[in-house]
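Next come the chains, spelled out residue by residue.
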Amino acid sequence: MKFARIGPRGQECPAAVDAAGRYRDLSSVIEDITGIDPRETREFDSVDIESLPVLPANARVGPCVGNIGKIICVGLNYTDHAAETNSPLPAEPILFGKAVSAVNGPYDDVVIPKGSTCTDWEVELGIVIGREAKYVSEADALDYVTGYCVVNDVSERAWQKERCGQWIKGKSADTFAPIGPWLVTKDEIADVSKLALWLEVDNHRFQDGNTSSLIFGVEYLVSYISHFMSLQPGDVIPTGTPAGVGMGLNPPTFLKPGQVMSLGIDGLGRQRQRVVAFEES
Ligand code: ZN
């Protein structure tokens, strides 16, 4: 099952993707798409998706998870990305928060925040939690996961690295968390540890990775994080980015207004964002 949320910001309606790739209105079946208990996603198999109303093809696609409680990101979780940032491989997962006010639709504009000179890109596999997870074992971890999605962990590098304290400063500007287009349930992904993921800016491919290079995999991360905090339905865990971010280029290269980011992950769909300058309203 591929879930989506369609409509204006704050008024998205739950949807499912049909066999032809169209969005079908799921509001007669479920109130919103947030963390769906993975024990219940099978119940959607009895829903005749093809009989539901088709949503307009030009409607906005919102973030594929509504009512996100927290975004817990994993840093330096690909061997090649750790190398390009001259960072040692972490002994344990590096965790940092990203403000939920940064959440954005997959095709919405990304705004370079006021005063930013180092806005950068990061394609990531996102894990969507479907049930409360507290002290769960690695063996049981997937029982708490609804599925996966694409996340662009947009980052302001100077604010992340040079402004003292925690990375959250550089990770949390409004529009810095495009999520979607789809929340794809686990059963549709044959092997989450073998997914190609890529990102282009103005059609030049900068990131071309594979989740096989993750240092800490999905089960490990869910279990690990659940020993520090409970994970709740609708929480999202972006799992880290492969090599090819702007900060790692020689010379470092950052986003400019007018550029377009395109990114995707095998089986999870594609995002596309125009980069725009901040404007005082
Ligand atoms: Zn990241």
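Remember, it's a predicted structure, so these values are computed and weren't measured experimentally.

Rules behind the numbers
- Residues numbered from 1 in each chain as written.
- Predicted model: local features only at pLDDT ≥ 70, side-chain atom pairs only at ≥ 80, totals over all residues.
- Heavy atoms only, no water.
- Pairing = 2+ DSSP bridges.
- Helix = DSSP H or I, 4+ residues; strand = E, 2+ residues; numbered from the N terminus.
- Axes fitted to C-alpha atoms, helices over the stretch in contact; angles between N-to-C directions.
- Donors = N, O, S within 2.8 Å, 3.2 Å for Na, K, Ca; no water.
- Buried < 20%, exposed > 50% of the residue type's maximum accessible area, 1.4 Å probe, protein only.
- Salt bridge = Lys/Arg side-chain N within 4 Å of Asp/Glu carboxyl O.
- Contact = heavy atoms within 4.5 Å.
- Polar contact = N/O pair within 3.5 Å; in protein donor to acceptor, adjacent residues only side chain to side chain.
- Core = buried A, V, L, I, M, F, W, Y, C linked by side-chain atoms within 4.5 Å.
- Phe/Tyr/Trp six-rings, centres within 6.5 Å; stacked < 30°, edge-to-face > 60°.
- Lys NZ or Arg CZ within 6 Å of the ring centre and 35° of its normal.
- Disulfide = S-S within 2.5 Å.

## Notes on the sheet that holds strand 18 (residues 269-277)
Right, on to step 1. Taken in spatial order, the five strands of this open sheet run 7-18-17-14-15, and their pairing is mixed. The open sheet is flanked by strand 7 (110-112) and strand 15 (204-210), the only strands paired with a single partner. Direction aside, the axes of adjacent strands within the sheet are offset by 20° on average.
Right, on to step 2. As defined by bridge partners, strand 7 adjoins strand 18 across three bridges and the pair is classed as parallel. Across the sheet, the residue bridging to Ile 112 is Ala 277, located in strand 18.

## Quick word on the coordination of the zinc ion
Right, on to step 1. Looking at the zinc ion, the protein donor atoms are Glu 122 (OE), Glu 124 (OE) and Asp 153 (OD), and they sit 1.9 to 2.0 Å from it.
Right, on to step 2. Mapped onto the sequence, the donors of the zinc ion take the spacing E-x1-E-x28-D. Within this pair, whereas Glu 122 is found in the loop between strand 8 (119-120) and strand 9 (123-129), its partner Asp 153 is found in the loop between strand 10 (145-152) and strand 11 (155-156), the two being separated by 31 residues in sequence. Both residues of the pair, Glu 122 and Asp 153, belong to the buried class.

## Section: the pattern of salt bridges
Right, on to step 1. As enumerated under the stated definition, the model contains 21 salt bridges in all.
Right, on to step 2. Here Arg 5 ties to Asp 32 by a salt bridge, and the two come within 2.8 Å at their closest N and O atoms. You can see Arg 5 sitting in strand 1 (residues 2-6) and its partner Asp 32 sitting in the loop between strand 3 (23-25) and strand 4 (71-75), a full 27 residues away along the chain.
Right, on to step 3. Of the residues examined, Arg 5 reaches a relative accessible area of 7% and is grouped as buried.
Right, on to step 4. Glu 50 serves as the salt-bridge partner of Arg 24, at 3.6 Å between the closest nitrogen and oxygen. Pair noted here: Arg 24 is in strand 3 and Glu 50 is in the loop between strand 3 and strand 4, with a separation of 26 residues, a long-range link.
Right, on to step 5. Accessibility expressed as a relative area gives 40% for Glu 50, which makes it partly exposed.
Right, on to step 6. Sharing partners across several salt bridges, the network here consists of Arg 5, Arg 9, Glu 12, Asp 32, Arg 60 and Asp 108.

## Comments concerning the environment of Thr 211
Right, on to step 1. By secondary structure assignment, the location of Thr 211 is in the loop between strand 15 and helix 4 (218-226).
Right, on to step 2. Spatially, the C-alpha atom of Thr 211 lies 24 Å from that of Gln 232, the residues being 21 residues apart in sequence.
Right, on to step 3. If we skip the residues at most four places from it in the chain, Thr 211 touches Tyr 78, Leu 125, Val 192, Ser 193, Lys 194, Leu 195 and Leu 197.
Right, on to step 4. One polar contact links the side chain of Thr 211 to the main-chain amide nitrogen of Lys 194, over a distance of 3.2 Å.
Right, on to step 5. At a separation of 2.8 Å, a polar atom in the side chain of Thr 211 contacts the main-chain amide nitrogen of Leu 195.

## Topic: the nonpolar core
Right, on to step 1. Judged by nonpolar contacts, the single largest core of 67 residues is most densely connected at Leu 26, Tyr 148 and Val 222.
Right, on to step 2. Residue contacts for Val 222: discarding those within four places in its chain leaves Ile 127, Ile 129, Val 136, Ala 141, Val 145, Leu 231 and Ile 237.
Right, on to step 3. Among the nonpolar cores identified, the runner-up in size contains eight residues, and Ala 4, Ile 6, Ala 15 and Val 17 belong to it.

## Quick word on unusual backbone geometry
Right, on to step 1. With omega at 15°, the peptide bond leading from Gly 180 into Pro 181 counts as cis.
Right, on to step 2. Position of Pro 181 relative to the elements: it lies in the loop between strand 12 (177-178) and strand 13 (183-185).
Right, on to step 3. Between Asn 250 and Pro 251 the backbone carries a cis peptide bond, its omega angle lying at 0°.
Right, on to step 4. Mapping Pro 251 onto the fold places it in the loop between strand 16 (236-238) and strand 17 (260-265).
Right, on to step 5. The residue Leu 76 is not glycine, and still its phi comes out positive at about 50°.
Right, on to step 6. Topologically, Leu 76 is positioned in the loop between strand 4 and helix 1 (79-84).

## Considering the packing of aromatic side chains
The geometry of an aromatic ring pair comes down to the distance between the two centres and the angle between the two planes.
Right, on to step 1. By the definition in use, this model includes six aromatic pairs.
Right, on to step 2. Taking the centre distance of 5.1 Å and the plane angle of 55° together, the rings of Phe 96 and Trp 167 count as tilted. One end of the pair, Phe 96, is in strand 5 (residues 94-98); the other, Trp 167, is in the loop between helix 2 (157-161) and helix 3 (168-171), with 71 residues separating them in the sequence.
Right, on to step 3. By relative accessible area, Phe 96 is classed as buried at 8%.
Right, on to step 4. On the basis of relative accessible area, Trp 167 is assigned to the partly exposed category, the value being 23%.
Right, on to step 5. Above the plane of the ring of Trp 182 lies Lys 2, whose end atom (NZ or CZ) is 5.4 Å from the centre.
Right, on to step 6. The lysine or arginine in question, Arg 131, covers the ring of Tyr 144, its NZ or CZ lying 4.3 Å from the ring centre.

## Things to note about the state of the cysteines
Right, on to step 1. A complete count under the given rule lists zero disulfides for this structure.
Right, on to step 2. Left unpaired, Cys 64 is separated from the closest cysteine sulfur, that of Cys 149, by 4.2 Å.
Right, on to step 3. Between Cys 164, a cysteine without a disulfide, and Cys 118, which holds the nearest cysteine sulfur, the sulfur-to-sulfur distance is 16 Å.
Right, on to step 4. Residue Cys 164 is classed as exposed on the basis of its relative accessible area, which comes to 62%.

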